[in-house]
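This is what each chain is made of:
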Amino acid sequence: MRFLKVILPASLLLGCPTTEDPTDQVGGSSTTGTPTEPDSGGVTGDSTEGATSVVVGSSTSGTTVADTESTGESTGEPPSFECPPLEGESQCDVAEQDCPDGFKCVPWTPDEGSLKLEAQSYVCAAVTDDPVALYGECTRDPGSCTDDCGDGAFCSSLLADSPVCVEICDSDYECGEGQQCRTCATCSVSWCMPNCDPLEPECPEGFGSCVFNQSWDDAGFTCEGPEPGTAMPGDPCMGFECVEGSMCMAGEMYGPGCDSGGCCIEFCDLNDPTATCPEAEHECIPFLNPGVAEPGQEHIGICALPEFHPCNTPGACPPDGVDDTYPWCSLENENFCDRGNFGFGNGAECISGCFCIEHCLEDADCPTPPTGTAPATCILDGATGENNRCSLDCSGGQECPLGMECRAEWDDVCMWVSPKDC
């Protein structure tokens, strides 16, 4: 994944919380006051001080998932779970959300009020009948292992001014529409943050400002930044000093008028034919390479020198007028490949070849392009078929789809060939 030269604080590059108060990064709990007691949401038993455990669920037998699975017998009663959990015990997988119906898997710590980055364990918590809406203020009670957020969400104060309900990322680190998955190396759970548009920044109340965040394989604008600064376009910067509608980027992209390694550069709308940049030397160019931007953020551009257009980098942008039944890719831009790719680099010719991996079990699973004569075949690789992939065989002189070339480097198959820096 290739990006323009963005200047970001290390906390954003790591995908970690960006609050300024260090205590917020370890849960964000307040040092004064007592957490509000949430609705029980299906909790039985007492969670008063000194209690050793309560049982979550409608049964009071103390039966846990582990108990039921170990005996293989069903009691006929709704499941229940020990709270607090046994030391080091995890009742579920937070990414898989494998608790029974009516329960959700959430991280747990004994701390009141909010959740630390490193949970002690994971518990099956009863889902309340009247949950708080996503991004709404919430409460959690470690003593009863519950919060008042809905199914698939948990109460977190990592990034908002006060605890709010945020969705938990799935096992593929994916979120629902309009959100991006955030995590960090020491986080006990991956959470979803709302997307935003820096040209029209609107974020839920209590969340941060609209900023660019580069985390793991995700990159886009989300509501998790500090308040915008006062530095104007062309002013020197090192992080979040820029006014709303601009961000800190490499000074060479701004050009004349920027006398620093980093300067504020304003955003522009690539879809607005009337959009103009204040500086005569600037053009509205894409902020990210094609295929990188989150859905709904492809229109975001920046006012910068035209030589920094992403497509000026060899192999970074797909050519026009090609048959992309098999998605275009290059070793410089692999973002159109959902399952990875295979390819080659040829330094003598200053070219690279690329082909997106499409999984298959038989030839019929492989799409046939409308152009070319190369047959689509399924290459069987391994006993389980997990590594099987589609291929376009041109070994007999068959014609490749429009825009692709027959290359001997991978046993005469059709590939996308792009220029590369030598």
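**A few points about the state of the cysteines**
Using the criterion set out here, one finds 21 disulfides in the structure. Disulfide pairing places Cys 175 opposite Cys 192 at an S-S distance of 2.1 Å. Taking the sign of the S-S torsion, about -95° here, the bridge from Cys 175 to Cys 192 comes out left-handed. Linking Cys 175 in the loop between β9 (164-167) and β10 (179-182) with Cys 192 in strand β11 (residues 191-194), this pair joins segments that are 17 residues apart in sequence. Cys 192 gets classed as buried once you look at its relative accessible area, which sits at 0%.

**Digging into the confidence of the model for the chain**
Per-residue confidence for the chain gives a mean pLDDT of 79, with 77% of residues at or over 70. Taken together, the stretch residues 9-76 has pLDDT below 50 and engages in 128 contacts with residues farther than four places along the chain or on a different chain.

**Regarding the environment of Gln 179**
Within the secondary structure, Gln 179 is located in strand β10. Given a relative accessible area of 9%, Gln 179 falls into the buried group. For Gln 179 and Pro 194, which are 15 residues apart along the polypeptide, the C-alpha to C-alpha distance reads 4.5 Å. Filtering out sequence-adjacent residues up to four positions away, Gln 179 remains in contact with Leu 134, Tyr 135, Glu 167, Cys 192, Met 193, Pro 194, Asn 195 and Glu 294. Within the structure, the side chain of Gln 179 is placed 2.8 Å from the side chain of Tyr 135, a separation counted as a polar contact.

Cut-off values and rules
Residues numbered from 1 in each chain as written. Predicted model: local features only at pLDDT ≥ 70, side-chain atom pairs only at ≥ 80, totals over all residues. Heavy atoms only, no water. Disulfide = S-S within 2.5 Å. Helix = DSSP H or I, 4+ residues; strand = E, 2+ residues; numbered from the N terminus. Buried < 20%, exposed > 50% of the residue type's maximum accessible area, 1.4 Å probe, protein only. pLDDT = per-residue confidence, 0-100. Contact = heavy atoms within 4.5 Å. Polar contact = N/O pair within 3.5 Å; in protein donor to acceptor, adjacent residues only side chain to side chain.

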